[in-house]
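The residues making up each chain are set out below.
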Amino acid sequence: MSAYLQSFIGGALIGLAAAMLLLINGRVAGVIGAVGGVVDGVLGRIDGDFWERTAFVAGLLIGPFAFLLAYGALPEVTITGSLPILVVGGLLVGFGTRLAKGCTAGHGVCGLARLSTRSIVAVATFFGVAIVTVFVMEHVL
Amino acid sequence: MRAARIVAALVIGTVFGFGLTLAGVLDPATIRNFLDFFGPFDPRLGFVFAGALLVSTAGYLFSRRRREPALGGGFAIPAGQPVDQPLVLGSALFGIGWGMVGLCPGPAIAGLTLGLPSVFIFTVSMLVGIAAHDLWLGRRVAGEAVA
């Protein structure tokens, strides 16, 4: 399977998960919403969707193991970045997606599918800023 | 019905996590090389989004013809919320972090399974960022990201 086809099929499965969550549970498949619900639960604020969100997050962790069973190995990854980059990057991703009420999943995969104006603005903003960030880090600094 | 919703969410999350892994986005280099037009450009993230949007859009269009989701409870789809400052500021902050490391929330969680200290440090920092936001602003995030 070519790398492009593999990425396309992987993406289609992500879209399938988003479609299933909407058609079965009636919910938008936002990863940051689910993870945020788990964090809020740990902080003592448990609401009616807590276990549903926790189950979705647990599934995200089971998914790679299902991949391991099917293909015999997990993918090789290259993660560069010093400790400060990892910490600051993580803080910005957590805080920013929560403030924007959505990430690449909620705004990207789900919001764009229904042509939400908010999601189009969010996606254009985070893609634009990320492109500038990579350019500055790789070609300016 | 409640147990069925939880089981469905678990299975759907697993499909999502499998898809992320197959798509190659657990690797931050896939993301950063897509974002770097002046470096070793890698178009694969474009194929990931194309596949995801194709199926997600079909699912959304189908949902428009249904009165209720399969397990009831209505469709919780955000609507009528304005483009506001938190949306743009939050997306910009996310864009900086995403560009710096190459991980967004889904791959950050699924990538924990790889057992790499660097992913663990990033993801724990992300959880701290979420907690900081929710404790500071003191409100539950409703709408866009319900899952």
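In the block above lies the structure referred to throughout.
Residues numbered from 1 in each chain as written. Chains lettered and ligands numbered in written order. Predicted model: local features only at pLDDT ≥ 70, side-chain atom pairs only at ≥ 80, totals over all residues. Heavy atoms only, no water.

### A few points about the interface of chain B and chain A
Part 1: In this assembly, 114 residues from chain B lie in contact with 114 residues from chain A.
Part 2: With both sides pooled, the region where chain B packs onto chain A buries about 10500 Å², and carbon together with sulfur makes up 75% of that total.
Part 3: For the pair chain B and chain A, the number of links is four salt bridges.
Part 4: At the level of elements, α1 (2-23), α2 (28-35), α3 (44-63), α4 (85-101), α5 (105-110) and α6 (117-137) of chain B are the ones that each hand at least two residues to the side of chain B that touches chain A.
Part 5: Broken down by element, the side of chain B that touches chain A gets its largest block of residues, 18 residues, from α1(B).
Part 6: Per-class residue counts for the side of chain B that touches chain A are 75 nonpolar, 27 polar and 12 charged. (Contact = heavy atoms within 4.5 Å. Buried area = accessible area lost by both parts, 1.4 Å probe. Salt bridge = Lys/Arg side-chain N within 4 Å of Asp/Glu carboxyl O. Helix = DSSP H or I, 4+ residues; strand = E, 2+ residues; numbered from the N terminus. Nonpolar A, V, L, I, M, F, W, Y, C, P; charged D, E, K, R; others polar.)

### Topic: empty space enclosed by the protein
The gaps left among the atoms become clear once a water-sized probe is rolled over them.
Part 1: Inspection of the entire model under this criterion finds two cavities of 30 Å³ or more.
Part 2: The volume enclosed by the largest cavity comes to roughly 160 Å³.
Part 3: Around the largest cavity, the lining comprises 18 residues; the ones closest to its centre are Ile14(A), Thr104(A), Leu20(B), Phe49(B) and Cys104(B).
Part 4: When residues of the lining of the largest cavity are assigned to their parent elements, the largest contribution, four residues, is made by α3(B).
Part 5: The calculated volume of the second largest cavity comes to roughly 90 Å³.
Part 6: Looking at the second largest cavity, the residues that line it are Ala18(A), Ala19(A), Leu22(A), Arg27(A), Val28(A), Cys110(A), Ala113(A), Arg114(A), Ser56(B), Tyr60(B) and Ile77(B). (1 Å grid on protein atoms, 1.4 Å probe; cavity = no way out; pocket = protein on both sides within 12 Å on 5 of 7 lines; lining within 4 Å. Points joined across faces, edges and corners; volume = space filled by probe spheres on them.)

### Digging into helix α1 (residues 3-25) of chain A
Part 1: In this model, α1(A) (23 residues) spans 32 Å end to end at C-alpha, consistent with the 33 Å of a helix rising 1.5 Å per residue.
Part 2: Within α1(A), the full set of buried residues consists of Ser7(A), Gly10(A), Gly11(A), Ala12(A), Ile14(A), Gly15(A), Ala17(A), Ala18(A), Ala19(A), Leu21(A), Leu22(A) and Asn25(A).
Part 3: On its buried face, α1(A) sits against α3 (50-71) and α5 (104-111) of chain A together with α1 and α3 of chain B. (Expected span 1.5 Å × (residues − 1). Buried < 20%, exposed > 50% of the residue type's maximum accessible area, 1.4 Å probe, protein only.)

These values are about where atoms sit, not about what they do.
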